[in-house]
Amino acid sequence: MRVLLVEDERKTASFIKKALQAENFAIDCSSDGLEGLQLATNKAFDAIILDIMLPGLDGLGILRQLRERKITTPVLLLSARGHVNERIEGLNAGADDYLPKPFVLAELVARVRALGRRSNESKAILLRVGNLTLDTVTHQSKRGDTSLELTAREYRLLEFLMRSTGRICGRMAILEKVWDYHFDPGTNLVDVYIMRIREKIDSNHEPKLLHTIRGIGYVLKEP
Ligand code: CA
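Rules used in this analysis
Residues numbered from 1 in each chain as written. Predicted model: local features only at pLDDT ≥ 70, side-chain atom pairs only at ≥ 80, totals over all residues. Heavy atoms only, no water. Donors = N, O, S within 2.8 Å, 3.2 Å for Na, K, Ca; no water. Helix = DSSP H or I, 4+ residues; strand = E, 2+ residues; numbered from the N terminus. Buried < 20%, exposed > 50% of the residue type's maximum accessible area, 1.4 Å probe, protein only. Pairing = 2+ DSSP bridges. Contact = heavy atoms within 4.5 Å. Axes fitted to C-alpha atoms, helices over the stretch in contact; angles between N-to-C directions. Salt bridge = Lys/Arg side-chain N within 4 Å of Asp/Glu carboxyl O. Parallel < 35°, antiparallel > 145°, perpendicular 65-115°, else oblique. Left-handed = near helix turned anticlockwise from the far one by under 90°. Nonpolar A, V, L, I, M, F, W, Y, C, P; charged D, E, K, R; others polar.

Draft legend 1. Spotlight on the coordination of the calcium ion. Coordination of the calcium ion by the protein is provided by D8 (OD), E9 (OE), D51 (OD) and M53 (O), with metal-donor distances spanning 2.1 to 3.1 Å. Expressed as a motif, the donor residue spacing for the calcium ion is D-E-x41-D-x1-M. Of this pair, D8 sits in the loop between strand 1 (2-6) and helix 1 (10-22) while D51 is found in strand 3 (residues 47-51), placing the two residues 43 residues apart along the sequence. On the basis of relative accessible area, D51 is assigned to the buried category, the value being 2%.

Laid out in C-alpha cells, this is it:
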C-alpha cells in the first residue's frame, strides 16, 4: 500500500513515516503544499494524509484541487486545531476521514489502513466469494457455471454483501446501502430480499455462503 504524507512539522512527519513503514506501507513525504499537490496529482496512491496548516497551499486547498481534478484517492486530514467547523469544511471538501492532533499513532495507522482498503475495494471489478462471482461493470453474476438472474435491487444487495464479505451486515446498514432508507420502515423488506438472494446463490449449491446471524443480520462468508 502506497501512502502520501504532506506534513511540514518535521518531527510529526518523521514519526508518522516510521510508524507506517513499520507496517510495511510505502510512503512518500512532502513538507510543502504545492509540492504535495503535484505529487498527489502525478502519482498513484492508496491513501493521502494531509496536514491542514502547510506552507504554499493548505491541506484543504490541496484536497479541493484534487477533487476538482477528479482524483478520488481517499484523504485523511490532520489538524492541530480540531475545530468542529474545520472538520465539517474538510468533509465538505471531500475528505474521507479527519483526525485532530494530538493523535495516537496506532489510531492513525488503523485509519489509513481502512482508507486504503476502501480504495482497493472500490477498484475491484470482479468480486468473488468462493465460486460466487459478481462483475460490477456488466452486473453479471455466477455461482460456479450457473448464471444468476438478478433484479437491480437484488444486484445492489448482493454487491453490498460481497463487498462486506466476512462482516455481519445489520438490517439497518442494508436498508441504508441498498434502499437509501435512513429509518426502519418496520417491514420485512430486507428479509424478503435476503430470501430471494439466498434462493439464487445458495439453494442449488454447496457449501452455503449466506448465513443468518439471528437478531443481528446477515453475513456472506468464504466457504
Ligand atoms: Ca502544519
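Draft legend 2. Structural detail: the sheet that holds strand 10 (residues 169-170). Taken together, the three strands give an open sheet; going across it, the order is 10-12-11, and neighbouring strands pair in antiparallel fashion. Strand pairing shows two members of the sheet lacking a second neighbour, strand 10 and strand 11 (210-213), which therefore form its edges. Bridging between strand 10 and strand 12 (residues 217-220) involves two bridges; their strand directions are antiparallel. Residue C169 lies in a different strand from strand 12, and its bridge partner there is Y218. Most of the contacts of helix 8 (residues 189-201) go to strand 11, to which it runs at about 150°, and overall it touches strand 11 and strand 12.

Draft legend 3. Region of the structure containing the pattern of salt bridges. Tallied over the full model, the rule gives 16 salt bridges. Put simply, K101 and D51 hold a salt bridge, and the shortest N to O gap is 3.2 Å. With K101 in the loop between strand 5 (97-100) and helix 5 (105-123) and D51 in strand 3, the pair connects residues that are 50 residues apart, well separated along the chain. Residue E159 is joined to R163 by a salt bridge in which the shortest nitrogen-to-oxygen separation is 2.9 Å. Within this pair, E159 and its partner R163 are both found in helix 6 (residues 152-163), separated by four residues, close to a single helical turn. On the basis of relative accessibility, which here comes to 18%, the residue E159 falls in the buried class.

Draft legend 4. Up close: the packing of helix 2 (residues 33-42) against helix 3 (residues 59-68). As a packed pair, helix 2 and helix 3 sit with axes 10 Å apart at the nearest point and diverge in direction by 25°. Considering the angle they form, helix 2 stands roughly parallel to helix 3. At the point where helix 2 passes helix 3, the crossing takes the right-handed sense. Two secondary-structure elements touch here, helix 2 through G33, L37, A40 and T41 and helix 3 through I62, Q65 and L66. Its residues placed into classes, the contact of helix 2 with helix 3 shows four nonpolar, three polar and no charged.

In short, geometric facts, not functional conclusions.
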